[in-house]
Amino acid sequence: MTTKVAAKKFKWALDFNTKPRSSGSDIAAPPGYNPSADVISSKVVNQTDQSHLILKKSWEIALGPIKQFPMNLVIMYMSGNSISIFPIMMVVMMFIRPVKMMLSTHSTFKVIEGISATGQKLVFLLGNLVNIGLALYKCHSMGLLPTHASDWLAFVEPQRRLEYSGGGISLL
């Protein structure tokens, strides 16, 4: 009785013990599969050059500082506006990191030799300038930038007295 059941093949059952025929298999191809397209795509992949991948990598490098901007915003918010060691260290790092990246722009884009990457370098520099601006804004909100007249009182000469008065008599 078990041999009779085993010999009967169900519609939904797959037998992995036998090799399927290459062209006329019992298993239908999945929807959207075209066997001739598989050969074409392999030819297209072999024919493409590396310039597309290099261009994609260069834009990924160029957009790196802009992608750091939201994280810098979160760090800036979480560190607070108090004058203590942790927020000051965060501001210093938010300022120094983009400056170092701007100074090493040539070595950063050295990977992309052969392709003119002026647009990517410009976007890279602008992204770093945005991050420096964010660090300067944080310094301003913490009160570390001298933006008020009272911050410069040490450099103002005291006023000279033009008159001295004593006992109700004006003396020159």
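Residues numbered from 1 in each chain as written. Predicted model: local features only at pLDDT ≥ 70, side-chain atom pairs only at ≥ 80, totals over all residues. Heavy atoms only, no water.

As recorded in an unreviewed UniProt entry, the protein goes by the name ER membrane protein complex subunit 4, listed as coming from Anopheles coluzzii. UniProt, in its Subunit (unreviewed entry) section for the protein, records the words "Component of the ER membrane protein complex (EMC)." Comment text from UniProt for the protein, heading Subcellular location (unreviewed entry), reads "Endoplasmic reticulum membrane". (UniProt positions renumbered as here; feature names shortened; annotations may be inferred.)

A. Inspection of the overall build of the protein at higher detail. Counting its regular elements, the protein contains 7 helices and 2 strands. In the protein, the succession of helices and strands from N to C terminus is α-α-α-α-α-α-α-β-β. In the protein, buried positions account for 15% of the 172 residues. Within the protein, residue pairs in contact and separated by at least 24 positions form 69% of the contacts whose partners lie at least 6 positions apart. Here the protein has roughly 14,200 Å² of accessible surface; of this, 65% comes from carbon and sulfur atoms. (Helix = DSSP H or I, 4+ residues; strand = E, 2+ residues; numbered from the N terminus. Buried < 20%, exposed > 50% of the residue type's maximum accessible area, 1.4 Å probe, protein only. Contact = heavy atoms within 4.5 Å. Areas by Shrake-Rupley, 256 points an atom, 1.4 Å probe, with all protein chains shown as cover.)

B. Representation of the environment of Val 123. By the secondary structure assignment, Val 123 is in helix α7 (residues 118-142). Expressed as a C-alpha distance, the spacing of Val 123 and Gly 64, which sit 59 residues apart in the sequence, is 9.6 Å.

C. Expanded view of the UniProt feature "transmembrane region" (unreviewed entry) in the protein. Those places that UniProt annotates as "transmembrane region" (unreviewed entry) correspond, in this numbering, to residues 74-96. The span residues 74-96 shows a helical share of 78% and a strand share of 0%, and its end C-alpha atoms are spaced 18 Å apart.

D. View of the packing of helix α4 (residues 64-79) against helix α5 (residues 85-103). Where α4 contacts α5, the two axes come as close as 10 Å, and the packing angle between them is 165°. The angle between α4 and α5 falls in the class roughly antiparallel. Note on packing geometry: the crossing formed by α4 with α5 is left-handed. Contacts from Pro 65, Gln 68, Asn 72, Ile 75, Met 76 and Ser 79 in α4 reach Phe 86, Pro 87, Met 90, Met 94, Arg 97 and Met 101 in α5. (Axes fitted to C-alpha atoms, helices over the stretch in contact; angles between N-to-C directions. Parallel < 35°, antiparallel > 145°, perpendicular 65-115°, else oblique. Left-handed = near helix turned anticlockwise from the far one by under 90°.)

E. Quick look at α5. For α5, spanning 19 residues, the distance from its first C-alpha to its last is 27 Å, which sits close to the expected 27 Å at 1.5 Å a residue. Turning to α5, the residues buried within the fold contact α4 and α7. (Expected span 1.5 Å × (residues − 1).)

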